[in-house]
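Coordinates in review
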Amino acid sequence: MSGVELTKLSPQERHKLISLPVNGQGLKTLVEAGMIWLKTNQQIVNNLNVFPVPDGDTGTNMVLTMQAAFDEIDQSGTKNIGQLARAIARGALMGARGNSGVILSQIWRGFARALDDQPTMDVKLLAEALLEAKETAYKGVVRPVEGTILTVIKDIAAQAEVSAQRTTVFTEVLADIVEAADASVERTPDLLPILKKAGVVDSGGKGLLCIFEGMWRFLNGDSLDKAITEVIPLSEMDLEDTMESVEPGQDYEVVIDFTPESTFDLENYYDELSKIGTSIQVGEGEGIYRMHIHVPLDKRYTPIDHTMTQGIIQKVMMENLVAQMEEKKTKKHPKINLAQVQPEETAVVAVSPGSGLSRIFASLGVAAIVQGGQTMNPSIKEVLASFENLPTDKVIILPNNKNIIMAAKEAASMTVKKVHVIPTISISQGISAMFRFIPDAELEENIASMVEAIDEVETGEITTATRSVEIDNVQVQKGQVIALHNGKLVTSTSNIDTATEELLIAAKTCDYERITLFYGEDMKLIHVNALADKIRSIYPDHEIEVHEGGQPHYQLIIAIE
Amino acid sequence: MSEIENNYNKLGSILIQKEAIASIARQSTLQSYGVVGLAPKNLIESIHQLLKKDAKYGVEVDFDHEGLLIDLYIMVEYGTRIKSITNSIVNSVKYNVEKTIGLPVRRINVHVRGLRISNMD
């Protein structure tokens, strides 16, 4: 029987297929149901991957293993459950894919061994078989890691033993098992820290749960071909990344906020949406639902019409994805026009942590850029390579970071060119030095005026603390926003705005004229503009400029001159 | 040479003993599903193992200009699919070594030296 037919059966017909105690053909049907349900939820399991190890397709691996197991019994008409289980184990072993697949095959192997030559299986035997399955699974590894599929089969076996003493009804035991497996999967992050860190449950354990859940859903008359619909909190809806992948034909993105009627049925709603488009996400927060979908051009109003029937629409956002992708592509790699130096002129090499800052440096007359910053110091070789091919032998390097000055000096000593390092320790120092740069002036002249400029600028940096610590008498909690003034810690607060305000006070901004904000890759322009307005109201006589810096880690780099 | 130079730092060099790399490889091999133990590389090592615990037991680490070369000698549980198991070992050893040491792993050879039979089917 093919999978599609199985899901069409009514609950009565389903129960007829499983005669109790379960025989070979009954187990075959259950295994098929488990496999279909696992396949339906394959993507959900795949998404639980935490390791960047290529074992990341756990769901797919487990489906393929189960498919191989089922192929082995598909044509078998045996009523003997022991024989059938042995065939399943053989198929699973031969087709085991990935780590979780191998463990799954061991589970089947233990299960089959316990059934041995028994013709049928009652709940007592089921419990014994699951216990043997667990034993076999654990024997396969020297140092079992808890919080994985191993823990889940252990909890399943324990529950089966308890339930088998309580009742002789097969479906009741199966229901208990599914409940225990579900709880066990939910507990995996407590046992395995890496899962907790990634905010997921174990993928292999979830896959195993799906198999048992599928068997139970089948007997319960539930559908097997519709994935579990989960509502995620609004804050976790990741609408930025869904943009990255536009399926062909799905040109429009529609996002609708609405308050559903009391009769609202999420599963039905989801079903209807899946007929209209793809990349469906439904989020909920404080009674308001947000729906996200990608649809083709001619269906762009359909989700709105449909949602109208389900509740009151608050807001609709629609975007043409194809047009946006084009824009994004061109925006991502704008060309940086570096200054072309002539043989007799002086060239400046600047180290820059972000594309926006590189562009600013280029516009100020920098001839070469070296990628680098606080957490990614360029090597001596990289610095050397940046100016070796320039058509001039007079070079000035702006390291723009304390940790890079040394590498820049090393590079300077390794060339025949006349290279001078101006020890700028921050981006703002580098930029204000560049303001004084005159390409056709003498090298010494440039150096003198640029060094002078360094001291005329105050540098502020806003970033997030990566660990809890106490420096310069300031208590910092991990995750807090911290402000640095000329490299010294000024304050730590919960938000960027306060940090910036306190920083400006510490830098004695009143004595200066101009404030320039360079915002990093994690900062939104709207936020920066709002912040700039706030600063303008505090310092009405100052000139305030906002530039895209594109630097990582630092939300803001601030120059005060 | 039993030390591998990792990277040049402005204050000096970082040298990593092969034993250090071997123990990381060993650890993640033993945590891989299907592996029931490591095996001696040769007769001398099997005698040696009787006398003294060695981090390099069952693991061989070498390197060339392109990266690390790791050989693993393992025992596998009977009745498991060896191809899948060895694939997982290679992936997790490569991941763990590269993550902790920061040197690229160029090649990992897994030698299955024997099977342990806990249950006959």
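Described below are features of the structure shown in this document. No experiment lies behind these values; they were computed from the predicted model shown.

About the criteria used
- Residues numbered from 1 in each chain as written.
- Chains lettered and ligands numbered in written order.
- Predicted model: local features only at pLDDT ≥ 70, side-chain atom pairs only at ≥ 80, totals over all residues.
- Helix = DSSP H or I, 4+ residues; strand = E, 2+ residues; numbered from the N terminus.
- Buried ≥ 20, exposed ≤ 12 C-beta atoms within 10 Å, placed from the backbone.
- Contact = placed C-beta atoms within 7 Å.
- Pairing = 2+ DSSP bridges.
- Axes fitted to C-alpha atoms, helices over the stretch in contact; angles between N-to-C directions.
- Parallel < 35°, antiparallel > 145°, perpendicular 65-115°, else oblique.
- Left-handed = near helix turned anticlockwise from the far one by under 90°.
- Nonpolar A, V, L, I, M, F, W, Y, C, P; charged D, E, K, R; others polar.
- Core = buried A, V, L, I, M, F, W, Y, C linked by C-beta atoms within 7 Å.
- Expected span 1.5 Å × (residues − 1).

Per the secondary structure count, chain A includes 23 helices and 17 strands. Looking at chain A as a whole, 45% of its 561 residues qualify as buried. Taking all contacts inside chain A whose residues are at least 6 apart in sequence as the whole, residues at least 24 apart take part in 67%.

Time to look at the overall build of chain B. When you go through chain B residue by residue, the secondary structure sums to three helices and six strands. Traced from its N-terminal end to its C-terminal end, chain B shows the element sequence β-β-α-β-α-β-β-α-β. Within chain B, the proportion of its 121 residues that are buried is 32%. Partitioning the contacts of chain B with sequence separation of at least 6, the portion at a separation of at least 24 is 68%.

Moving on to the sheet that holds strand β6 (residues 346-352) of chain A. Residue and element names in this part refer to chain A. Here four strands make up an open sheet; going across it, the order is β7-β6-β8-β9 and the pairing parallel. A strand with exactly one partner marks an edge of an open sheet, and here the two such strands are β7 (368-371) and β9 (418-421). Adjacent strand axes in the sheet meet at a mean angle of 20°, parallel and antiparallel pairs treated alike. Its contacts with the sheet place helix α18 (residues 380-388) against β6, β7, β8 (394-398) and β9, and it is angled at close to 165° to β7.

This next bit is on the packing of helix α5 (residues 58-74) of chain A against helix α6 (residues 81-95) of chain A. Residue and element names in this part refer to chain A. Where α5 contacts α6, the two axes come as close as 7 Å, and the packing angle between them is 135°. By the angle between their directions, the pair α5 and α6 is classed as oblique. Judged by the sense of rotation from one axis to the other, the crossing of α5 with α6 is right-handed. Contacts from L64, T65, Q67, A68, A69, D71, E72 and I73 of α5 reach α6 at L84, A87, I88, R90, G91, A92, M94 and G95. Its residues assigned to classes, the contact of α5 with α6 shows nine nonpolar, four polar and three charged.

Residue and element names in this part refer to chain A. Positive phi values are uncommon outside glycine, yet D116 reaches one of about 45°. Secondary-structure assignment places D116 in the loop between α7 (98-115) and α8 (123-139). The exposure class assigned to D116 is partly exposed, which follows from the 15 C-beta atoms found within 10 Å.

This part is about the nonpolar core. One broad rule of soluble globular proteins: the nonpolar side chains tend to lie buried together. Ranked by internal contacts, the top residues of the largest apolar core, which has 98 residues, are I88(A), F111(A), L130(A), I153(A), A181(A) and A25(B). Apart from the residues lying within four places of it in its own chain, the contact partners of L130(A) are F111(A), I156(A), A157(A) and A160(A). A350(A), F387(A), I427(A) and V528(A) belong to the second largest nonpolar core, which has 65 residues in total.

Residue and element names in this part refer to chain A. With 17 residues, α5 extends 24 Å from end C-alpha to end C-alpha; this agrees with the ideal 24 Å at 1.5 Å per step. In terms of burial, α5 is largely enclosed, as 12 of its 17 residues are buried. Inspection of α5 places T58, G59, N61, M62, V63, T65, M66, A68, A69, F70, E72 and I73 among the buried residues, and these make up the whole buried set. In this fold, the buried residues of α5 make contact with α3 (24-40), α4 (42-46), α6, α7 and α12 (203-220).

The subject of this paragraph is the environment of N473(A). Residue and element names in this part refer to chain A. On the secondary structure map, N473 appears in the loop between β11 (469-471) and β12 (474-476). When the 6 C-beta atoms within 10 Å are taken as the criterion, N473 is described as exposed. In this structure, the C-alpha to C-alpha distance between N473 and T491, residues 18 residues apart in sequence, is 9.5 Å.

Contact with chain B, which involves 21 residues of that partner, is made by 26 residues of chain A. Broken down by secondary-structure element, the contributors of at least two residues to the side of chain B that touches chain A are β3 (35-38) and α3 (82-101) of chain B. Considering each element in turn, the side of chain B that touches chain A owes the most residues, six residues, to α3(B). Residues of the side of chain B that touches chain A, tallied by class, amount to six nonpolar, 11 polar and four charged.

The next point concerns the environment of I447(A). All names here are of chain A. For I447, the position within the fold is in helix α21 (residues 443-454). What makes I447 partly exposed here is the crowd of 18 C-beta atoms within 10 Å. When neighbours within four sequence positions are excluded, I447 is seen to be in contact with I396, H420 and I422.

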